[in-house]
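Close look at the chain arrangement
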Amino acid sequence: MTAVFSHGRLRLYLLKLLDEGPRHGYELIRLLENRFLGLYAPSAGTIYPRLQRMEAEGLVTHTAAGGRKVYEISDAGRAELRQRAGELDALESDIRASVEDLATLANEIQDEVRGSVRDLKRELNQAARETRRGGSGREYHWEFQWAGANSSPRADPASGAALDELEKRIDAFAAEVRQLVRNVRLTEGQARTATRVLDASLVTLRRLFRG
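The structure displayed is predicted, hence computed values, not measured ones.

Let us look at a nonpolar patch on the surface. On the surface, Leu 163, Leu 166, Ile 170, Leu 205 and Phe 209 cluster together into a nonpolar patch covering about 470 Å² of accessible area. Those elements that provide at least two residues to the nonpolar patch are α6 (160-183) and α7 (188-209). When residues of the nonpolar patch are assigned to their parent elements, the largest contribution, three residues, is made by α6. Looking at where Ile 170 falls in the secondary structure, it is placed in helix α6.

Before going further, it helps to examine the nonpolar core. Formed by 27 residues in total, the largest nonpolar core has its most connected members in Phe 5, Tyr 13, Leu 14, Leu 32 and Ile 95. Sorting the residues of this core by element identifies α1 (9-19), α2 (25-35), α3 (44-56), β3 (68-73) and α5 (85-133) as the ones contributing at least two each. By residue number, the principal contributor to this core is α1, which donates seven residues.

It is the contact of α1 with α2, at a shortest axis distance of 11 Å, that shows an interaxial angle of 105°. What the angle tells us is that α1 and α2 run roughly perpendicular. Taking contact as the criterion, the partners of Leu 10, Tyr 13, Leu 14, Leu 17 and Leu 18 in α1 are, on α2, Leu 28, Leu 31, Leu 32 and Arg 35. For the contact of α1 with α2, the per-class residue count stands at eight nonpolar, no polar and one charged.

Turning our eyes to something else, we now look at the pairing of strand β2 (residues 60-65). Alignment of β2 against β3, held across six bridges, turns out to be antiparallel. Counterpart to Thr 61 in the pairing with β3 is Glu 72. Linking β2 to β3, which pair antiparallel, is a turn of two residues; within it Gly 66 sits at a positive phi near 60°.

Turning next to the confidence of the model for the protein chain. Any residue range with low pLDDT should be treated as having predicted coordinates unsuitable for detailed reading. Confidence in the prediction for the protein chain averages 77 pLDDT; 70% of positions are at 70 or higher. Counting interchain partners and residues more than four positions distant, the pLDDT-below-50 stretch residues 135-152 has 36 contacts.

Attention shifts here to the pairing of β3. Relative to β3, strand β1 (residues 23-24) runs antiparallel, the two sharing two bridges. Looking at β3, one finds that Arg 23 is bridged to Tyr 71.

Here we take up the packing of aromatic side chains. Evaluated as defined, the whole model comprises two aromatic pairs. For the pair Phe 5 and Tyr 13, a centre-to-centre distance of 5.7 Å together with 45° between the ring planes defines the contact as tilted. With respect to class, Phe 5 is no different from Tyr 13; both count as buried. With a centroid separation of 5.9 Å and an interplanar angle of 70°, the aromatic rings of Phe 5 and Phe 36 are classed as edge-to-face. Note that Phe 5 is positioned in the segment before α1 and Phe 36 in the loop between α2 and α3, a separation of 31 residues in sequence. With respect to class, Phe 5 is no different from Phe 36; both count as buried. Ring pairs connect the aromatic residues Phe 5, Tyr 13 and Phe 36, which therefore count as one cluster.

Rules and cut-offs
Residues numbered from 1 in each chain as written. Predicted model: local features only at pLDDT ≥ 70, side-chain atom pairs only at ≥ 80, totals over all residues. Heavy atoms only, no water. Patch = residues over 30% accessible without salt bridge, like charges linked within 9 Å, V, L, I, M, F, W, Y side chains within 5 Å. Areas by Shrake-Rupley, 256 points an atom, 1.4 Å probe, with all protein chains shown as cover. Salt bridge = Lys/Arg side-chain N within 4 Å of Asp/Glu carboxyl O. Helix = DSSP H or I, 4+ residues; strand = E, 2+ residues; numbered from the N terminus. Core = buried A, V, L, I, M, F, W, Y, C linked by side-chain atoms within 4.5 Å. Buried < 20%, exposed > 50% of the residue type's maximum accessible area, 1.4 Å probe, protein only. Axes fitted to C-alpha atoms, helices over the stretch in contact; angles between N-to-C directions. Parallel < 35°, antiparallel > 145°, perpendicular 65-115°, else oblique. Contact = heavy atoms within 4.5 Å. Nonpolar A, V, L, I, M, F, W, Y, C, P; charged D, E, K, R; others polar. Pairing = 2+ DSSP bridges. pLDDT = per-residue confidence, 0-100. Phe/Tyr/Trp six-rings, centres within 6.5 Å; stacked < 30°, edge-to-face > 60°.

Structure representation (structure tokens):
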């Protein structure tokens, strides 16, 4: 759970969302994800137990619709919102600041990924030129085509040694990422951001190897 929702503040924000209208749990998750620009979303295991406790305390009620529980704020829930109006204002302010921080982090990650891609393209171009020079004494013109033309029929297949090195790098990368994850207590926002970084890297490699 992101830090802004510590100490019962998620419950307060759920009451605020339900005060806007009845929702089922999935809608609440999506609303929170949208509020955080897709960089944070609570899990079902975070939302549904809280809704159940809030219902047990009389703050919300639910009805069944289409096989789903639709939650609605009760009079007691509205009374708690009024009593905690100052806390809600502070929470909204903290959420805005958190979203700005997450957006900055996302932009930094995107810049880093773009820089890594540029470096990779440069290294591939250099490696291709060196390969074409080897043995013949003359350089062939070859440029890395990002749109997938890197499978040019003139390109030599990778050597066994190069493939072995790639496999080692993949194993080392996976091992280091796992170690980093084990060594820190990630917030949900950090975990989701790291997942997006890995997804972006995979997309990059898919484009690189596209035939």
